[in-house]
Structure formats: structure tokens, C-alpha cells
Amino acid sequence: MPHVVTDNCEACRYTECVSICPVDCFHGSGQRLYIDPDVCIDCAACVPVCPVKAIIDSFDVETGADALVELNRRWSRELPVIDEKVPPLPTAEDRRQALGY
């Protein structure tokens, strides 16, 4: 099962994950990132570097895993690949604190 980006990424868009990804599976909007589940190789290198724990294995999603995978798939088809670290959004630190990380 591929890894997916959850709603924890919303209003953060930390990109530590993209700089470590060996296959460039991350795509980004103005508000968050998505993982292309057809490109992700499940190496999990991105999981520990996310400051808001927004990346999980889709196997770990108790309910709605298919919907989360499809959300990531859909947006990764429409958005550009993000393969270099960029500054997080101005709202990222507040969002991180609100999430308790």
C-alpha cells in the first residue's frame, strides 16, 4: 500500500519529505502536498521527517483509506511535482502548534 498525505499538511506544506523522496512522488498545491500512489515505492523515508506527521502508510488508515489514496491520486495527476525543499507556508508554525507537534 502506498503512503498518503493527510489533512495535517493543510496550511503547512512543509517540504522536508520531498527532498528525501527517491522517486519524486510528491505533488503540491498552494496549501498542501499529495503523494502519487502509483509512483510511491513505500520506502517510508518521508514519514519521520514530516514535522506535522501528515504522511502515513495507507494501510494504517482505519477507515477511508481508499478515499485518501484516491484524493492523493487525483490531485497528483493535476498538480506539479515538487522535488526540492521550499519554505513552508506562513501559517505552518501556527498549524503545527495547533496540531500539537
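Our structure is the block above this text.
Note on numbering: residues in each chain are counted from 1, in written sequence order. At least 70 in pLDDT is required for a residue's local features to be given in this predicted model, at least 80 for side-chain atom pairs to be given and counted, and no such filter applies to totals for whole chains, interfaces and linings, which use all residues. Only hydrogens and water are set aside; all other atoms, that is, all heavy atoms of the structure, feed into the side-chain values.

A.B. asks: Tell me about the overall build of the protein chain, residues and numbers included.
C.D. replies: In DSSP terms, a helix is any run of H or I states spanning at least four residues, a strand is any run of E spanning at least two, and both are numbered starting from the N terminus. A count of helices and strands for the protein chain gives three helices and four strands. Starting at the N terminus and ending at the C terminus, the protein chain contains elements arranged as β-α-β-β-β-α-α. For a compact globule the rule gives 2.2 Å times the number of residues to the power 0.38, and the radius of gyration it is set against comes from C-alpha atoms. The globule rule puts the C-alpha radius of gyration for 101 residues at 13 Å, and the 12 Å found for the protein chain is close to it. For the C-alpha atoms alone, the extent of the protein chain along its principal axes is close to 30 × 30 × 25 Å. To sort residues, take the accessible area from a 1.4 Å probe on protein chains only and compare it with the maximum for the residue type: under 20% means buried, over 50% means exposed, and anything in between is partly exposed. The 101 residues of the protein chain split such that 41% are buried. The contact definition used throughout considers only heavy atoms, calling two residues in contact when any of these lie within 4.5 Å. Residue pairs at least 24 apart in sequence account for 76% of intrachain contacts in the protein chain once pairs closer than 6 positions are excluded. Of the roughly 5,400 Å² of accessible surface on the protein chain, a fraction of 54% belongs to carbon and sulfur atoms. Positive charge is attributed to Lys and Arg, negative charge to Asp and Glu, and no charge count is given to His or to the chain ends. To locate a charge, take NZ of a lysine, CZ of an arginine, CG of an aspartate or CD of a glutamate. The distance from the centre of the 9 positive side-chain charges to the centre of the 17 negative ones in the protein chain is 4 Å. Each accessible area is a Shrake-Rupley result for a 1.4 Å probe, and residues are judged covered by the shown protein chains and nothing else.

A.B. asks: I'd like a description of helix H2 (residues 65–78), backed by residues and values.
C.D. replies: Helix span, expected: 1.5 Å multiplied by one less than the number of residues in the helix. Taking 1.5 Å of rise per residue, the 14 residues of H2 would be expected to cover 20 Å, and the 20 Å separating its terminal C-alpha atoms lies within 8% of that figure. Residues Ala-65, Leu-68, Val-69, Asn-72 and Ser-76 constitute the buried set of H2. Along the long axis of H2, the arc covered by the buried residues comes to 100°, so they all point the same way. Those residues of H2 that are exposed and aimed more than 90 degrees away from the buried face are Asp-66, Ala-67 and Glu-78. In the core, the buried residues of H2 are packed alongside strand E1 (3–5), strand E2 (26–28) and strand E3 (33–35). Picture the helix axis, draw a direction to every C-beta atom, and the arc is the one those directions span.

A.B. asks: For the nonpolar core, give the residues involved together with the corresponding values.
C.D. replies: Core analysis: the largest hydrophobic core is formed by 18 residues, its most contacted members being Val-5, Cys-17, Phe-26, Ile-35 and Ile-55. At the level of secondary structure, the elements contributing two or more residues to this core comprise helix H1 (16–20) and E3. In this structure, Phe-26 is in contact with Val-5, Cys-17, Val-18, Cys-21, Leu-33, Tyr-34, Ile-35, Cys-46, Ile-55, Pro-80, Val-81 and Ile-82, ignoring residues within four places of it in sequence. As used in this record, nonpolar core signifies buried Ala, Val, Leu, Ile, Met, Phe, Trp, Tyr and Cys residues forming a set joined through side-chain atoms within 4.5 Å.

A.B. asks: Could you give me a rundown of the pattern of salt bridges, with the residues and numbers involved?
C.D. replies: Any carboxyl oxygen of Asp or Glu within 4 Å of a side-chain nitrogen of Lys or Arg constitutes a salt bridge here. Per the counting criterion, the structure on display carries seven salt bridges. Residue Glu-93 is joined to Arg-96 by a salt bridge in which the shortest nitrogen-to-oxygen separation is 2.4 Å. With Glu-93 and Arg-96 both in helix H3 (residues 92–99) and three residues apart, this pair spans about one turn of that helix. Members of the salt-bridge network, linked through shared partners, are Asp-36, Asp-38, Glu-70, Arg-73 and Arg-77.

A.B. asks: Describe the environment of Gln-31, with residues and values.
C.D. replies: Structurally, Gln-31 is set in the loop between E2 and E3. Spatially, the C-alpha atom of Gln-31 lies 16 Å from that of Val-4, the residues being 27 residues apart in sequence. Those residues in contact with Gln-31 that sit more than four places away from it in its chain are Cys-9, Glu-10, Ala-11, Cys-12, Arg-13 and Leu-89.

A.B. asks: So what's going on with the side chain of Ser-76? Residues and values would help.
C.D. replies: Note that Ser-76 resides in helix H2. If near-sequence neighbours (up to four positions away) are discounted, Ser-76 is found in contact with His-27, Tyr-34, Ile-35, Asp-36 and Pro-37.

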